[in-house]
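# Topology and contacts: notes
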Amino acid sequence: MENKKLEIKTAIQILKPVHEVFEAIVDPAKMSNYFISEGSGPMEEGKTVTWKFPEFDESFPVRVGNVEQDKYISYYWDGTDGSALLVEITLAPSRENTTVVTITEKEMDNNEAGIAWMMGNTAGWANFLACLKAYLEYGINLRKGAFDFMKTEA
């Protein structure tokens, strides 16, 4: 039997125009309202930015791939095994000025480590989308305090 690669794919509809959703993803000042605590700069094609998350002490490098205004963002970040994982975010305008956001992250081997990655990151991307929706539609930061239990005790 062939060892097929694993990939994550999840989506949600957000009741906001595509440009507003795009800006909330590429602008670290907006992203800090629902996902990161801070970012070193906007996501621009070919640049590397760093993201800091409230529940971790370290910063994480994000190597931006392609950016198509209001349509598509891709970037690479490192998996726990050191491999570069590709994240693709596609924005599709939908009816009545809404946006369907689809996130794909790939890929890992279909083994124990890959299955653990798939389970954890699928939950993470579902959380990202829910937090993005809550922020854009209602001005709520669902992530605030949500992962404080993960902080290491000093």
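Higher on the page you've got the structure.
Since we're looking at a predicted model, the values are computed, not measured. Counting from 1, residues in each chain are numbered in the order their sequence is written. Note on the predicted model: pLDDT of at least 70 is required for a residue's local features to be given, and 80 or more for side-chain atom pairs to be given and counted; whole-chain, interface and lining totals, by contrast, use all residues. As a convention, hydrogens and water are excluded, and side-chain values are obtained from all of the structure's heavy atoms.

## Regarding the nonpolar core
Nonpolar side chains in soluble globular proteins tend to end up buried together. By size, the foremost hydrophobic cluster in this structure holds 37 residues, and its most contacted members are Ile25, Tyr34 and Trp51. Elements represented by at least two residues in this core include exactly β1 (6-14), α1 (18-26), β3 (48-52), β4 (59-68), β5 (72-78), β6 (84-94), β7 (98-108) and α3 (112-138). Ranked by residues supplied to this core, first place goes to α3 with 8 residues. Only heavy atoms enter the contact rule, under which two residues are in contact if any of them lie within 4.5 Å. If we skip the residues at most four places from it in the chain, tyrosine 34 touches Ala24, Ile25, Phe128, Cys131, Leu132, Tyr135, Asn141 and Arg143. To define a nonpolar core, start from buried Ala, Val, Leu, Ile, Met, Phe, Trp, Tyr and Cys residues and group those joined through side-chain atoms within 4.5 Å. For every residue, the accessible area obtained with a 1.4 Å probe (protein chains only) is divided by the maximum for its type, and the residue is called buried under 20%, exposed over 50%, and partly exposed between those limits. Secondary structure counts use DSSP, requiring at least four H or I residues in a row for a helix and at least two E residues in a row for a strand, with both numbered from the N terminus.

## Focus on the packing of α1 against α3
For every element, the axis is a line fit to its C-alpha atoms; helices are fit only across the contacting stretch, and the angle between N-to-C directions ranges from 0 to 180 degrees. It is at 11 Å that the axes of α1 and α3 come closest, and there the two elements cross at 120°. On the basis of the axis angle, α1 is oblique to α3. As α1 packs across α3, the resulting crossing turns out to be right-handed. Taken together, the residues of α3 that come into contact with α1 (itself represented by Glu20, Val21, Ala24 and Ile25) are Phe128, Leu132, Tyr135 and Leu136. Ten residues, namely Ala, Val, Leu, Ile, Met, Phe, Trp, Tyr, Cys and Pro, are considered nonpolar, four, namely Asp, Glu, Lys and Arg, are considered charged, and the remaining ones, Gly among them, are considered polar. Tallied by class, the residues present in the contact of α1 with α3 amount to 7 nonpolar, no polar and 1 charged. If an angle is under 35 degrees, it is roughly parallel; if it is over 145, roughly antiparallel; if it lies from 65 to 115, roughly perpendicular; otherwise it is oblique. By definition, any crossing whose near helix is turned counterclockwise from its far helix by less than a right angle is left-handed, and any crossing with a clockwise turn is right-handed.

## A look at the sheet that holds β1
Only when DSSP finds a minimum of two bridges between them are two strands counted as paired. If you trace the 7 strands from one edge of the open sheet to the other, you get β1-β7-β6-β5-β4-β3-β2, paired in antiparallel fashion. Here the strands that pair on one side only, and so sit at the sheet edges, are β1 and β2 (38-39). By the bridge criterion, 9 bridges tie β6 to β7 in an arrangement that is antiparallel. What sits directly across from leucine 86, in β7, is lysine 106. The sheet contacts of α1 involve β1, β4, β5, β6 and β7, and relative to β6 the element is tilted by about 160°. Running over the sheet, α3 touches β1, β5, β6 and β7 and is turned about 15° from β1.

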